[in-house]
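# An overview of the molecular structure
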There are 2 protein chains.
Amino acid sequence: MSVTIKDIAKLAGVSHTTVSRALNDSPLISMETKLRIRAIAQELNYTPNFSAKSLVLDRSYNLGLFFTTLSEGTSAGFFYEAIRGVNTVIRDRYHLIVKGIDDYRSFQAITRKSFDGIVVVSQSRDDQPFIDHAVAAQIPVAVLNREVEDKGILNIMSDEEQGAFQAATYLIDQGHRRIALIEGRKGFKSAQNRKEGFLQAMRQRGITVKNEYLMPGMYDLQSGFISMKQLLELAEPPTAVFCCNDEMALGAIKAITDKGLQVPKDLSVMGFDDTVFSAFVTPALTTVRRPIELIAREGAIRLLTNIEQKEQDHEPVYLKTELIIRDSVRKIN
Amino acid sequence: MSVTIKDIAKLAGVSHTTVSRALNDSPLISMETKLRIRAIAQELNYTPNFSAKSLVLDRSYNLGLFFTTLSEGTSAGFFYEAIRGVNTVIRDRYHLIVKGIDDYRSFQAITRKSFDGIVVVSQSRDDQPFIDHAVAAQIPVAVLNREVEDKGILNIMSDEEQGAFQAATYLIDQGHRRIALIEGRKGFKSAQNRKEGFLQAMRQRGITVKNEYLMPGMYDLQSGFISMKQLLELAEPPTAVFCCNDEMALGAIKAITDKGLQVPKDLSVMGFDDTVFSAFVTPALTTVRRPIELIAREGAIRLLTNIEQKEQDHEPVYLKTELIIRDSVRKIN
DNA sequence: CTGAAAGCGCTAACAG
DNA sequence: CTGTTAGCGCTTTCAG
């Protein structure tokens, strides 16, 4: 089988304890023997058995990255950036385990023994039972992207309400008054926040939003397309539409051009997220950037210090969104 | 601490050995005691300690999913589909560990002890040392997406050459003769295959491709944009462009419209991959679908039977690509 | 059908 | 500074 510390011990003429200590750089061992033992380990191509370490140290070297779901409602870009963000900080220090919360029928297997820490990229308040379970199981948790009531757990997100407020204000500043909203997926907190920011901007500027301008959406292309189509059939269609994410904005643009109209000449469209392709579609999308990768990185960093130093500093962190002005909105008189 | 089989044993008045057997459904135990023990386990909310199991069973319950890189050159959609594909088959039977090969400076830690199996989504022949290492370490491996010489290891991919051939043939059938190519990222086998399929179609139809029609690319939007810009400055620009992936095709379309021209009226564009947004951009992209999710699923299934039943059936599998006709190519006389 | 004992590879008192 | 011993939680002979 593979080589163990006992093999090394035999060759070095010491006890396996000494080998263990030498390899873990214990101050109890003389430099001389340390070097000798390490040389032998190197030679034999020794790799520690992590199962054994885990068993005795009570650490798994696993870091969980959980999404609400891997099946639907999670955009590919979002997913990608989150994984990248976390991965750049853990590199090969931990195993990054990616899962959908809905992969589990029972959370029994989610224990402190199998996860040293968990990052939850939360898109829905349906995730709460999972988060509660993790906390109850004493696993250090960082919740990203969605605000969570429970004070005392790491919580990093972007200020989405402010982002939507920023977007809506921009549309108003461009002279628009008949502004429609295509909402995010029902039950997602982000959908609610964005809608709130939008409405707040309208209220602040004294603009009343007709009920028929408030359209449902699912965060996917399809739903943006369908809702836009309906808006176009209104007796008095809007002059601008704020879509709660970029994918729906693309769907909306498609619906508009299908009808023989042009963006932004006949109708202005805004998105939210600034996904990778948003800059390259035609017209390039005016949108709001949510710093997912940054959020993920920040969350991972804090979680690790938490795990490794047992710290407990837990103020919610809001990272700022940024207005990205491109070509899909035009100024009207 | 958490509950162990010994706790259960005590409560049930049996030895921990019996508990272990009962929980693992050993035929040596009477139905009666099995039921009794399981009830108690349930009651105590027992979860096995996987580190301990791993140590004695010599299995880690980890399945590695390795990409060439998580940093660049991997499109978000590709990534997403691959993870989904694998995840749907493993669910909670294994831990899915997602990593970039370039996260590792040394492959020392990649051992049979820490991975029961590895899926490599390979995009470059630079992955070969990693694959060789895994094979040498006796880890069951499935290589997806790229053909691999080593017979005897699982290998699933799409037939990209055929896909590109299909695409090019389609362009020719639509009457195009001045056809340009924007290539994929250098060093990626897929880039080579797609180019080959393209050239073969040209050869078969007796069309010579000017050197100035062969443009470099990096599989990202930027490079599609730049290369297209250059093509437009040619004395005799092409009437159609085949881009080696959809992202570059979007970049190309952007370059064309920036110049005041229209797709497909003035110039036809084809992509490759059929990423999620391809259907919704304007014009909707004519492209070739590569069944990544299917490939990933198929790879995972075969890998698992391999792990669990020690089978050894290893013919390379090619899954068919599909021509997706939309609106970005027009017929010319 | 059940139990006693050994051991997987490693770390951590405790004793020198 | 080094070694002896025990034990993490589990499975697996081997004996009843």
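Rules of the game
Residues numbered from 1 in each chain as written. Chains lettered and ligands numbered in written order. Predicted model: local features only at pLDDT ≥ 70, side-chain atom pairs only at ≥ 80, totals over all residues. Heavy atoms only, no water. Core = buried A, V, L, I, M, F, W, Y, C linked by side-chain atoms within 4.5 Å. Buried < 20%, exposed > 50% of the residue type's maximum accessible area, 1.4 Å probe, protein only. Contact = heavy atoms within 4.5 Å. Near = heavy atom within 4 Å. Polar contact = N/O pair within 3.5 Å; in protein donor to acceptor, adjacent residues only side chain to side chain. Helix = DSSP H or I, 4+ residues; strand = E, 2+ residues; numbered from the N terminus. Nonpolar A, V, L, I, M, F, W, Y, C, P; charged D, E, K, R; others polar. Domains from an automatic or database assignment. Pairing = 2+ DSSP bridges. Axes fitted to C-alpha atoms, helices over the stretch in contact; angles between N-to-C directions. Least-squares fit on C-alpha atoms with pLDDT ≥ 70 in both. Patch = residues over 30% accessible without salt bridge, like charges linked within 9 Å, V, L, I, M, F, W, Y side chains within 5 Å. Areas by Shrake-Rupley, 256 points an atom, 1.4 Å probe, with all protein chains shown as cover. Salt bridge = Lys/Arg side-chain N within 4 Å of Asp/Glu carboxyl O. Buried area = accessible area lost by both parts, 1.4 Å probe.

As annotated in an unreviewed UniProt entry, chain A is LacI family transcriptional regulator from Paenibacillus eucommiae.

## A short note on the nonpolar core
Ile182(A), Met228(A), Phe242(A), Ile182(B), Met228(B) and Phe242(B) are the most contacted members of the largest nonpolar core, which totals 94 residues. Non-local contacts of Phe242(B), meaning those with residues more than four positions away in its chain, are made with Ala164(B), Ala167(B), Leu171(B), Ala180(B), Leu181(B), Ile182(B), Arg194(B), Phe198(B), Met270(B), Gly271(B) and Phe272(B). Within the second largest apolar cluster, 62 residues are counted, among which are Ile292(A), Leu144(B), Leu303(B) and Ile307(B).

## Remarks on the protein's contact with DNA strand C
Around DNA strand C, the surrounding shell holds 26 residues, and the nearest of these are Ile5(A), Ser20(A), Tyr46(A), Thr18(B) and Arg21(B). When the atoms of DNA strand C within 4 Å of the protein are sorted by group, sugar and phosphate make up 64%. Here Asn24(A) contributes a side-chain N or O atom positioned 3.1 Å from a phosphate oxygen of DNA strand C. Among the secondary structure elements, those contributing two or more residues to the surface near DNA strand C are α2 (16-23) and α4 (50-57) of chain A together with α2 (16-23) and α4 (50-57) of chain B. When the residues that make up the surface near DNA strand C are grouped by side-chain class, the tally is 11 nonpolar, 12 polar and three charged.

## Focus: the domain arrangement of chain A
Splitting chain A by domain gives domain 1 (5-47), domain 2 (62-158 + 292-319) and domain 3 (160-290). Summarising the inter-unit geometry, the C-alpha centres of domain 1 of chain A and domain 3 of chain A are found 64 Å apart.

## Side note on the sheet that holds strand β7 (residues 214-215) of chain A
Residue and element names in this part refer to chain A. Strands sit in the order β7-β6-β8-β9 across an open sheet of four strands; the sheet is parallel. Edge positions in the sheet fall to β7 and β9 (268-270), since each has one partner strand and no second. Where strand β8 (residues 240-243) and β9 come together, three bridges link them in parallel fashion. Across the sheet, the residue bridging to phenylalanine 242 is methionine 270, located in β9. On the sheet, helix α10 (residues 246-258) packs against β6 (179-182), β8 and β9 and is oriented at approximately 160° with respect to β9.

## As for the relation of the copies chain B and chain A
Taken as rigid bodies, chain B and chain A are interconverted by a rotation of 180° and an axial shift of 0.0 Å, the fit giving an RMSD of 0.1 Å. Here the two chains are linked by the operation of a two-fold rotation axis. Taken as a fraction of all interface residues of chain B, those also at the interface in chain A reach 100%, which identifies the copy contact as same-surface.

## Observations concerning a nonpolar patch on the surface
The grouping of Leu55(A), Val56(A), Leu57(A) and Leu55(B) at the surface amounts to a nonpolar patch, some 350 Å² of accessible area in total. Here the element with the most residues in the nonpolar patch is α4(A); it accounts for three residues. Looking at where Leu55(A) falls in the secondary structure, it is placed in helix α4. Residue Leu55(A) is classed as partly exposed on the basis of its relative accessible area of 36%.

## Let's talk about the protein's contact with DNA strand D
Around DNA strand D, the surrounding shell holds 26 residues, and the nearest of these are Thr17(A), Thr18(A), Arg21(A), Ser20(B) and Tyr46(B). Each atom of DNA strand D within 4 Å of the protein was classed as base or backbone; sugar and phosphate made up 59%. At 3.4 Å from a phosphate oxygen of DNA strand D is found a main-chain nitrogen or oxygen belonging to Asn49(B). Every element with two or more residues in the surface near DNA strand D is listed here: α2 and α4 of chain A together with α2 and α4 of chain B. Residue composition of the surface near DNA strand D, by class: 11 nonpolar, 12 polar and three charged.

## Topic: the interface of chain B and chain A
Contacts between chain B and chain A engage 57 residues on the former and 57 residues on the latter. For the chain B and chain A pair, buried surface summed over both sides reaches about 4,800 Å², with 59% attributable to carbon and sulfur atoms. A per-residue breakdown of the area chain B buries against chain A is headed by Tyr80(B), Lys113(B) and Phe280(B), which together make up 14% of the total. Across the salt bridge formed by Asp327(A) and Lys254(B), the nearest N and O atoms sit 4.0 Å from each other. Put simply, chain B and chain A have eight residue pairs in polar contact (both at pLDDT 80 or more) between them. In terms of residues, the side of chain B that touches chain A owes the most to one element, helix α5 (residues 76-90) of chain B, which gives eight residues. Across the side of chain B that touches chain A, the residue classes break down as 27 nonpolar, 19 polar and 11 charged.

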